[in-house]
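# Descriptive analysis of the structure
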2 protein chains.
Amino acid sequence: MTASTQTPEMHPQRWGDPALAAPLPESARGLVDLAFGVHERPAVEQVTLPPCGLSDDLLAELREILGEEHVLADDATRRLRTRGKSTPDLLLARAGDLSDAPDVVVRPADHDEVAALLAWATRAGVAVVPFGGGTCVTGGLVARREGFAGVVSLDLVRLKRLIAVDRESMTATLEPGLRGPEAEALLAAEGLTIGHYPQSFEYATIGGFAATRSSGQSSAGYGRFDALVVALRVATPVGELRLGHAPASAAGPDLRQLVLGSEGAFGVITEVTVRVRKAPAVRVYEGWRWPSFAAGAAAVRRLVQAGLQPTVLRLSDEAETAINLADPGAIGGSDAAGCLMLVGHEGDRAAVDARRTAVEALLTGLGGIPLGEEPGRSWAHGRFAAPYLRDAMLDAGVLVETLESATFWSGLERLHADVRNALEASLGQPVMVLAHISHVYETGCSLYFTVAAPEGEEPLARWRAAKAAATDAMVAAGATITHHHAVGTDHRPWLADEIGELGVAVLRAVKRELDPAGVLNPGVLVP
Amino acid sequence: MTASTQTPEMHPQRWGDPALAAPLPESARGLVDLAFGVHERPAVEQVTLPPCGLSDDLLAELREILGEEHVLADDATRRLRTRGKSTPDLLLARAGDLSDAPDVVVRPADHDEVAALLAWATRAGVAVVPFGGGTCVTGGLVARREGFAGVVSLDLVRLKRLIAVDRESMTATLEPGLRGPEAEALLAAEGLTIGHYPQSFEYATIGGFAATRSSGQSSAGYGRFDALVVALRVATPVGELRLGHAPASAAGPDLRQLVLGSEGAFGVITEVTVRVRKAPAVRVYEGWRWPSFAAGAAAVRRLVQAGLQPTVLRLSDEAETAINLADPGAIGGSDAAGCLMLVGHEGDRAAVDARRTAVEALLTGLGGIPLGEEPGRSWAHGRFAAPYLRDAMLDAGVLVETLESATFWSGLERLHADVRNALEASLGQPVMVLAHISHVYETGCSLYFTVAAPEGEEPLARWRAAKAAATDAMVAAGATITHHHAVGTDHRPWLADEIGELGVAVLRAVKRELDPAGVLNPGVLVP
């Protein structure tokens, strides 16, 4: 089966479906006082791209391999494949800079055409940037151009099949170009779900989820995407990898875990087999209030360590709760005290009831105040909307961006304080730093920050300094530099802090083996 | 804290504590009709070792690095560090062949001494075999000798500290030389447990669990050992790896998963941080009977896919049930029909009661017949005893060995039939092939085979042919070549079937980077 839906292309300077772009909600007007003013910006059609740098001979070879209609060098297509959707990406595009445009966009049909393309790129010395949903927020779609005969955007838009469903084993094999809703629609027809709902869900793809170790809002119940993957097929310039013969194995190191998180630098994922679940009959999301972030975090930890984690578990800190960020449609419209926790249960009626009862007993015993289903409904309604709000804020001259980390429970308080302090110190007043626990584990959790500040005269430089200060603070606190946004180019300077110089050397050795000419997403991931 | 208990050394020709060796139980006498006769065997003291091949200069250098008393070249010590405990290992030792003895056994004190030793070995061109509990059953302690100035057994017996406990994060950092009971005793003093109980538990070590991706009898509840590891410290000839800053990360490929399963070929694990749990207040193990293996397997699958997996879940097939293998103390003493399932619950009283009620409801609804706690008690009593029984069978001229695999649920029936058929065809009649599901996942399970046949004139050759036929059958069925016994040298010929030639090339590239002189366990893991 192949996906039949068609998600619209995202505007090069904005997030999502252009039809859904909206002005800043009235309730958020107060936040805009942060802004000093709005920069003048050219319309995207007026932004000139560098000319396609690929020679006519190489373009002809590409057309030979993939067919005329799947080799696209027009400016409109190239604009749509330029960079990802981080705030720096948007600031550049809004400032009229699309200089990182690929020379050409190619659309292979299947694994064999991907493999042929990589072999060609290796011979021709052309850099290849795999492109799924284009939702990357860490610069993973900007390849180094120096030393190459050109840059090709390898658009996976034609690899959209549901290849197999194994109902007994509860697995499904999917092609990488399927966007979140497309994959879920194909599985829903079988009564199944992956249950992976990151904020980028509407645009991001199965291949991207795997290549970046994505984690969804329901990860407490369904697991991170990397934990759902049981098998992978990968095309590399030197051949094919097929990994995963069983749910678990002791046949040496787990090479699936080298491909997960490889961000297109080791190969192109062409098939992903994931664990699937029965589509839930019941979904209940409800709110709880805690007197402080520390009290709420302790409750989250107790829940998870008691084996009672619900499907969704999120805890906003005081600042985030006060401006109601969990409900982007009503942002700024509340002035709630304490900290908002969102607890979601999905499954059969009996399982949901049993889990809900146990969770309620524990949370009530710890002093949580139940707020009913209204906060949960608001959150569920707006769960993919935040990036639209960011566009509206950027339109109003407010710099908005998110960043995230994860640590063990004993390090949470320090991580929360240190990253917030680093951002505040770097950006100066006025600034808003909001945070929530977004993903939970028995041994720790992730921490997701949202930052808003006036753009100022040099918004990009302002943000880059703040991001560096925040990442330095994560490293100093012993936390990971990213829990679910991958390395890309933005986090690359800190990768050696994460895995050591020797770890980086191991990645380089793997890359040399699989990509001897270094054409795969050069400059991304591997320092 | 350091472990204070002292497990006795294992006899070079037998399993476990010599004081616990026992003759074949009366109940098992009937099985011995399989045997044609008993081979004459020399006592171990009469077995000559090859002389220590390490030059006096190199021995002097070793003594300089580690101290006189931690460099042991006497025959008694070398015998104790020769090979592991597979049936082929025992057959060779019983036949008077200890030709794989290391030249010298060294006992570094800590990470720094391990690192110094590896740097020395690299300079000197000496092969290094890390040694933990010596329980390996796949030839992982037999390094290639050709091309090296000698072979050193790196005994981790002095690295036995519990380095840290983080009660908030529920993690513990342990040194690799701690045996299972030593680690559990140190944690029990804090009211904690790892919950990792493989059959080798009494001898195997924390480092070995990690290096071989061990899986315990309670893996349904606590998880495989590789799933429990959150951080690792590794000494390599070219430097140190410190991996794991959070429960999960998207900072590129997960290099912890390259170290787990690396079997000493990439480095020596010197610290392991694992998830720990509260020591359970209640342990209940009970039996269930199913009319057939297929019916029982379907029930296992339903349990796990419903999210109701107990702490222990094991299902014997008809043959294994009939001879009562789940209770080695009474083996052959029963003649039970159908298939025995063992279901164990551990935890707080309330959690155990709730889980037990839900499991009972599901199993009863599927037609399972509850057998009460007696079968569970017998299993728990004998859970580490099977290797002693193997010694008694070998004493009586019966070739006994185990092997295991794992596959997705849809492949279970074929895997069960094909491996059994391959073993029966290779060994001829009389032969006994028994199997059980030993580890379960939502998407599949492991299958653990026990084989008994007359030794015949050439027991080693007989077994190697049977093992090859069984492994070929696993590969043909699309299953993994090992779920929890690692690769060693015995599974190495099939590793390319598991991960492809390109996967093997990746392992070689990693090894070249971390171990440029190739001195780490040469010939093990990497083909």
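One can find the structure itself at the top, above this paragraph.
Description of the structure in this document. Since the model is a prediction, treat every value here as computed from it, not as a measurement.

What counts, and at which threshold
- By convention here, each chain's residues receive numbers from 1 onward along its written sequence.
- Labels follow written order: the first chain is A, the first ligand is 1, and so on.
- Since the coordinates come from a predicted model, pLDDT governs what is reported: local features require at least 70, and pairs of side-chain atoms require 80 or more to be given and counted, while whole-chain, interface and lining totals use all residues.
- The side-chain values count all of the structure's non-hydrogen atoms but skip hydrogen atoms and water molecules.
- Only when DSSP finds a minimum of two bridges between them are two strands counted as paired.
- Starting at the N terminus, helices and strands are each numbered in turn, a helix being any DSSP run of H or I of at least four residues and a strand any DSSP run of E of at least two.
- The rule for a salt bridge is simple: a side-chain nitrogen of Lys or Arg has to be within 4 Å of a carboxyl oxygen of Asp or Glu.
- Between buried and exposed lies partly exposed: a residue is buried under 20% and exposed over 50% of the maximum accessible area for its type, with that area taken using a 1.4 Å probe on protein chains only.
- By nonpolar core is meant a set of buried Ala, Val, Leu, Ile, Met, Phe, Trp, Tyr and Cys residues that side-chain atoms within 4.5 Å join together.
- The contact criterion used throughout is that any non-hydrogen atoms of two residues lie within 4.5 Å.
- Each of two parts loses accessible area, computed with a 1.4 Å probe, when they are put together; buried area is these two losses added.
- Throughout this description, a polar contact denotes any pair of N or O atoms lying within 3.5 Å of each other; where both atoms belong to protein, one of them has to be capable of donating a hydrogen while the other can accept it, and for residues adjacent in sequence the pair is counted only when both atoms sit in side chains.
- Put simply, Ala, Val, Leu, Ile, Met, Phe, Trp, Tyr, Cys and Pro go in the nonpolar bin, Asp, Glu, Lys and Arg in the charged bin, and everything else, Gly too, in the polar bin.
- The copies were overlaid by least squares, fitting only the C-alpha atoms of residues that reach a pLDDT of 70 or more in each copy.
- For this analysis, a ring pair means two rings from Phe, Tyr or Trp (six-membered ring only for Trp) whose centres lie within 6.5 Å, classed as stacked if their planes differ by under 30 degrees, edge-to-face if by over 60, and tilted for the remaining angles.

### Re the sheet that holds strand β2 (residues 104-106) of chain A
A sheet is described by the order of its strands in space; here four strands give the open sequence β1-β2-β4-β3 (chain A), paired in mixed fashion. Where the open sheet ends on each side, the last strands, each with one partner, are β1 (71-72) and β3 (127-131) of chain A.

### Considering unusual backbone geometry
All names here are of chain A. P430 follows Q429 through a cis peptide bond whose omega is -5°. Tracing the backbone shows P430 in the loop between α15 (412-427) and β17 (432-437). With a phi close to 60°, R83 is a non-glycine residue in the positive phi region. Relative to the helices and strands, R83 resides in the loop between α2 (75-80) and α3 (87-94).

### Concerning the pattern of salt bridges
Summed over all chains, the structure comprises 72 salt bridges over all chains. Here E175 of chain B ties to R161 of chain B by a salt bridge, and the two come within 3.0 Å at their closest N and O atoms. Placement of E175 of chain B in the loop between β6 (171-174) and α5 (180-188) and of R161 of chain B in the loop between β4 (151-155) and β5 (162-166) is noted, with a sequence separation of 14 residues between them. Taking the relative accessible area as the measure of exposure, E175 of chain B reaches 3% and is therefore buried. With a closest N to O distance of 3.8 Å, E346 of chain B and R283 of chain B form a salt bridge. Of this pair, E346 of chain B sits in strand β14 (residues 339-347) while R283 of chain B sits in strand β12 (residues 282-290); the two residues are 63 residues apart in sequence, bridging distant segments of the chain. Overall, the relative accessible area of 13% leaves E346 of chain B in the buried class. Bridged by salt links that share partners, the residues E286, R356, E360, E373, E374 and R377 of chain A form one connected network.

### Digging into the nonpolar core
Buried together is how nonpolar side chains tend to be arranged in soluble globular proteins. Membership of the largest hydrophobic core comes to 97 residues, with the highest contact counts inside it found for I194 and F225 of chain A together with I194 and F225 of chain B. Setting aside its immediate chain neighbours within four residues, F225 of chain A contacts I194, H196, I206, F209, A210, S214, V272 and V274 of chain A.

### A look at the interface of chain B and chain A
Interfaces are often described in size by the accessible area the parts lose on coming together. Each partner contributes to the interface: chain B provides 75 residues, whereas chain A provides 75 residues. Counting each side, the surface lost to burial between chain B and chain A is near 5400 Å², with a carbon and sulfur contribution of 64%. By the criterion of area lost to chain A, the three top residues of chain B are H245, P253 and L502 of chain B, representing 13% of everything that side buries. There are six salt bridges connecting chain B and chain A. Here E442 of chain B ties to R275 of chain A by a salt bridge, and the two come within 2.9 Å at their closest N and O atoms. Along the contact surface separating chain B from chain A lie 32 residue pairs in polar contact (both at pLDDT 80 or more). Listed by contribution, the elements that provide at least two residues to the side of chain B that touches chain A are β8 (229-236), β9 (239-243), α9 (256-259), α10 (293-305), β16 (398-408), β18 (444-454) and α17 (495-514) of chain B. In terms of residues, the side of chain B that touches chain A owes the most to one element, α17 of chain B, which gives 14 residues. Of the residues that constitute the side of chain B that touches chain A, the class distribution is 34 nonpolar, 24 polar and 17 charged.

### Let's talk about the environment of G132 of chain B
Structurally, G132 of chain B is set in the loop between β3 (127-131) and β4. Residues G132 of chain B and F209 of chain B lie 77 residues apart in sequence; the distance between their C-alpha atoms is 9.3 Å.

### A few points about the relation of the copies chain B and chain A
For these two chains of identical sequence, chain B goes onto chain A by a turn of 180° and a shift of 0.0 Å along the axis, with RMSD 0.0 Å. Such values leave the two copies arranged in the relation of a two-fold axis. Take the interface residues of chain B: 100% of them recur as interface residues in chain A, which is what a same-surface contact looks like.

### Digging into the packing of aromatic side chains
All names here are of chain A. Enumeration according to the criterion identifies 10 aromatic pairs over all chains in this entry. With 5.8 Å between their ring centres and 70° between their planes, W15 and Y203 make a pair best called edge-to-face. Of this pair, W15 sits in the segment before α1 (56-66) while Y203 sits in the loop between β7 (192-193) and α6 (206-212), and the two are 188 residues apart along the sequence. Residues W15 and Y203 agree in their burial class; the two are buried. Both rings, one in Y285 and one in W379, keep their centres 5.3 Å apart while their planes meet at 80°; by these two values the pair is edge-to-face. Within this pair, whereas Y285 is found in strand β12 (residues 282-290), its partner W379 is found in helix α13 (residues 374-382), the two being separated by 94 residues in sequence. Comparing Y285 with W379 shows no difference in burial state: the two are buried.

### Comments concerning the pairing of β17 of chain A
Residues and elements named next belong to chain A. Burial of β17 is extensive: six of the six residues sit out of reach of the surface. Here β17 shows two buried faces, one formed by M432, L434 and H436 and the other by V433, A435 and I437. As judged from the two bridges shared by strand β13 (residues 312-316) and β17, these two strands associate in the antiparallel manner. Of the residues in β17, the one forming a bridge with S316 is H436. Bridging between β17 and strand β18 (residues 444-454) involves five bridges; their strand directions are antiparallel. Bridged to A435 within β18 is F449. Connecting β17 to the next strand, β18, in antiparallel fashion are six residues.

Spatial relationships are all this shows, so hold off on functional conclusions.
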